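Here is what each chain is made of, one letter per residue.
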Amino acid sequence: MTKKDTAKKTVAKLKKNKHYRPAGKKREGNAARYMTRSQAIKQLQVNLSVFRKLCILKGVFPREPKKKVKGNNQTYYHVKDIAFIQHDPLLEKLREQRAYQKKIHKALAKKNEDLATRLRTREPSYTLDRLIRERYPKFVDALRDLDDCLSMVHLFAALPAVERLKINVERVHSCRRLSHEWQAYVARCHKLRKVFVSVKGIYYQAEVEGQKITWLAPHAMQQVLPDDVNFSVMLTFVEFYETLLGFVNFRLYHSISVKYPPILDPRLEALAAGLFYLYALTRYMNGNTKRISEEQESGSTKPEHTRGQLEGAQFEESELRLSQLQHQLPSNEDRALMHLIEEDDDNDDDEDTKKCKKLFKNMKFYLSREVPRESLLFVIPAFGGVVSWEGDAAPFTEADQSITHQIVDRPSQGHMYLSREYIQPQWIYDCINFGVILEAHRYLVGRVPPPHLSPFVDNEAEGYFPDYAETIKRFEAAAKNEVLPMPGVGKDDLDDPQLLLAEGYLSRTEAIEVAERKKERATSEKQYLEDLKQEVQGHPDATASIAVEGAQVEEESSRPHLEQVAEDTDGTALMMMSRRNRGLFKAMKIAKDKKKAKVEKLKQRKKQIAEST
């Protein structure tokens with residue numbers, strides 16, 4: 001065979017095999033779609049810390065390919081994600097910063113302090129505004145991703161400033177300011193829905209523009225910073241979350257016609273560095289800042305004579321509108337125009353917001369110094385209450401006779417006013433979670449309060465109802481005029497017409513109809529007993545009637561049991577399933593059995609505690 005024939009055969013073979021490629025050339029499959037972290041760092045020409053920062057800021061996460069080409073102990077990224085980072089202008093900014101840091105270190109190594117100081121003042125910086133708009137094109141997307149953001153910001157707002165871990169004072173103050181601005185909006189618009197106090201901290205859930213946002217705020221205690229936590233990664237997240245929360249607060253404040261960032265009252269701003277910043281923000285948001293800002297903006301852009309003419313025309317127009325409205329309002333009502341405005345605002349709210357706004361309405365609370373003041377200053381105004389505290393800048397003092405509740409968290413209270421109730425802080429949180437004003441005698445000072453139940457647990461889905469949950473359920477039903485069976489009484493016992501008529505749940509006509517049906521049922525039972533007696537005495541007619549009834553009973557008893565039918569149906573369906581669906585079904589059944597065993601264990605434990613006491 002000549003060389004020419006060999007070449008022809010090779011060409012024919014290559015045409016036949018379309019996927020042929022020479023060794024070491026083009027890659028396909030997972031090897032072409034994914035790369036390891038070391039390969040990505042080499043392609044981007046950065047170190048590991050800068051690569052982590054870029055991935056956090058750009059929202060790039062590792063992937064799990066079906067086939068790990070380089071081994072199971074590697075971290076894989078998609079090629080398109082790395083290309084997405086490579087073409088971002090932020091990469092060049094971080095490279096400039098790193099090169100500039102080398103200049104500063106070089107100046108310090110040569111002991112040239114003046115040059116190092118000048119270089120620090122001119123250090124290049126970057127902003128994350130473009131990344132926020134890129135990652136969240138719509139405002140709803142930002143709200144959906146706000147859970148971790150709020151938890152991280154509230155965490156750093158409670159941390160101490162540690163120079164060794166690069167947690168500076170400015171960052172802590174910025175997180176505290178942003179968290180208080182968020183809480184002020186939620187309290188002002190009555191968007192808070194659930195609160196739960198746990199060992200980790202206090203869980204809050206708010207509903208903003210149809211999105212449920214849940215976050216965790218740590219307790220106001222001294223925080224211990226562990227050594228096994230990588231705070232550099234957390235600081236990168238906080239850097240991004242600060243910008244995100246600033247954008248969200250800006251949009252929310254402008255949605256209710258409030259200027260952002262807020263300008264506080266100078267008298268309150270001096271006291272707003274600590275726990276009273278939230279109160280100062282609430283005072284600011286309750287003011288009519290929109291009218292003032294509009295007047296200032298219009299006044300600053302117009303000339304002197306034009307401004308005077310416009311102010312005179314606006315004043316005359318407003319006086320005319322007020323006079324027209326006053327003719328429509330009742331003459332004996334005080335501040336009737338303000339009531340009309342408030343009613344218009346209430347009509348724009350949904351049902352949950354209206355309910356939250358009226359929960360603590362006409363109630364005044366006074367906080368003792370030992371209670372969690374910052375949490376209660378946020379929670380009570382969010383549900384329509386008025387709150388004060390012991391200290392400077394308080395709206396009213398402890399001696400105010402209009403106070404309805406004083407929140408105390410100590411074994412005993414010395415001086416007590418008879419015009420108010422002294423309760424524990426748990427009463428506030430339980431009233432919020434259940435949506436009703438609970439009985440205060442269970443939460444009095446010195447008493448052991450009832451269990452603090454989590455509002456995030458669905459008792460019906462879990463299959464276990466705590467005793468206090470049953471009590472609250474009956475209390476809610478009584479508040480809504482609903483009928484629920486008492487403990488130990490079935491639903492059939494509610495059919496008593498005399499009881500329902502006495503309680504006012506039935507009209508007299510309905511009660512008469514129920515009584516007639518009950519009388520007919522009793523008559524038929526009595527007739528059956530008389531026929532049974534006659535059969536015993538030997539009457540043939542009674543025997544025939546009893547035989548007919550016995551045949552009906554045998555027919556009913558001959559029917560297969562419902563449970564047996566259900567088991568047969570499940571077995572047939574299980575046989576018809578595929579192997580994958582059968583495995584899923586068995587896993588669901590195992591999970592259901594585990595939940596049932598957990599409920600039984602809780603019931604046994606409750607029974608043992610009841611027997612021991």
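Computed from a predicted structure; not experimentally measured. (Residues numbered from 1 in each chain as written. Predicted model: local features only at pLDDT ≥ 70, side-chain atom pairs only at ≥ 80, totals over all residues. Heavy atoms only, no water.)

Re the overall build of the chain
Thinking step 1. Each helix and strand in the chain was counted, giving 27 helices and nine strands.
Thinking step 2. Evaluated residue by residue, the chain yields a buried proportion of 31% over its 613 residues.
Thinking step 3. Put simply, the chain shows about 41,100 Å² of open surface, and 53% of that area lies on carbon and sulfur atoms. (Helix = DSSP H or I, 4+ residues; strand = E, 2+ residues; numbered from the N terminus. Buried < 20%, exposed > 50% of the residue type's maximum accessible area, 1.4 Å probe, protein only. Areas by Shrake-Rupley, 256 points an atom, 1.4 Å probe, with all protein chains shown as cover.)

A short note on the sheet that holds strand 3 (residues 192-197)
Thinking step 1. On the basis of which strands lie adjacent, the open sheet formed by three strands has the order 3-4-5 and antiparallel pairing. Of all strands in the sheet, those with a lone pairing partner are strand 3 and strand 5 (211-217), marking the two edges. Averaged over all pairs of adjacent strands, the angle between strand axes in this sheet comes to 15°, irrespective of strand direction.
Thinking step 2. In terms of strand pairing, strand 4 (residues 202-208) meets strand 5 through seven bridges, oriented antiparallel. Within strand 5, the position partnered with Y204 by the bridge is W215. (Pairing = 2+ DSSP bridges. Axes fitted to C-alpha atoms, helices over the stretch in contact; angles between N-to-C directions.)

Examining the packing of helix 3 (residues 37-44) against helix 4 (residues 48-58)
For any two helices packed against each other, the geometry comes down to the angle between their axes and how far apart the axes lie.
Thinking step 1. Running from amino to carboxyl end, helix 3 crosses helix 4 at an angle of 95°, the nearest separation of the two axes being 10 Å. With respect to helix 4, the axis of helix 3 lies roughly perpendicular. Mapping the contact onto sequence places R37, A40, I41 and L44 in helix 3 and L48, F51 and R52 in helix 4.
Thinking step 2. The residue makeup of the contact of helix 3 with helix 4, split by class, is five nonpolar, no polar and two charged. (Parallel < 35°, antiparallel > 145°, perpendicular 65-115°, else oblique. Contact = heavy atoms within 4.5 Å. Nonpolar A, V, L, I, M, F, W, Y, C, P; charged D, E, K, R; others polar.)

Examining the packing of aromatic side chains
Thinking step 1. This model, assessed by the stated rule, comprises 14 aromatic pairs.
Thinking step 2. Ring centres of Y204 and F378 lie 5.2 Å apart, and the angle between their planes is 70°; on these two criteria the pair is classed as edge-to-face. In this pair, Y204 sits in strand 4 while F378 sits in helix 19 (residues 373-382), placing the two residues 174 residues apart along the sequence.
Thinking step 3. Residue classification places F378 among the buried positions, given a relative accessible area of 0%.
Thinking step 4. Ring geometry for F360 and F383: centres 6.4 Å apart, planes at 65°, overall edge-to-face. Here F383 lies in the loop between helix 19 and strand 7 (386-389) and F360 lies in the loop between helix 18 (351-357) and strand 6 (364-367), a separation of 23 residues in the sequence.
Thinking step 5. Using a relative accessible area of 0% as the deciding quantity, one classes F360 as buried.
Thinking step 6. K58 extends its terminal NZ or CZ atom over the ring of F84, reaching a point 3.9 Å from the ring centre.
Thinking step 7. Lying across the ring of F139, R251 places its NZ or CZ 4.6 Å from the centre. (Phe/Tyr/Trp six-rings, centres within 6.5 Å; stacked < 30°, edge-to-face > 60°. Lys NZ or Arg CZ within 6 Å of the ring centre and 35° of its normal.)

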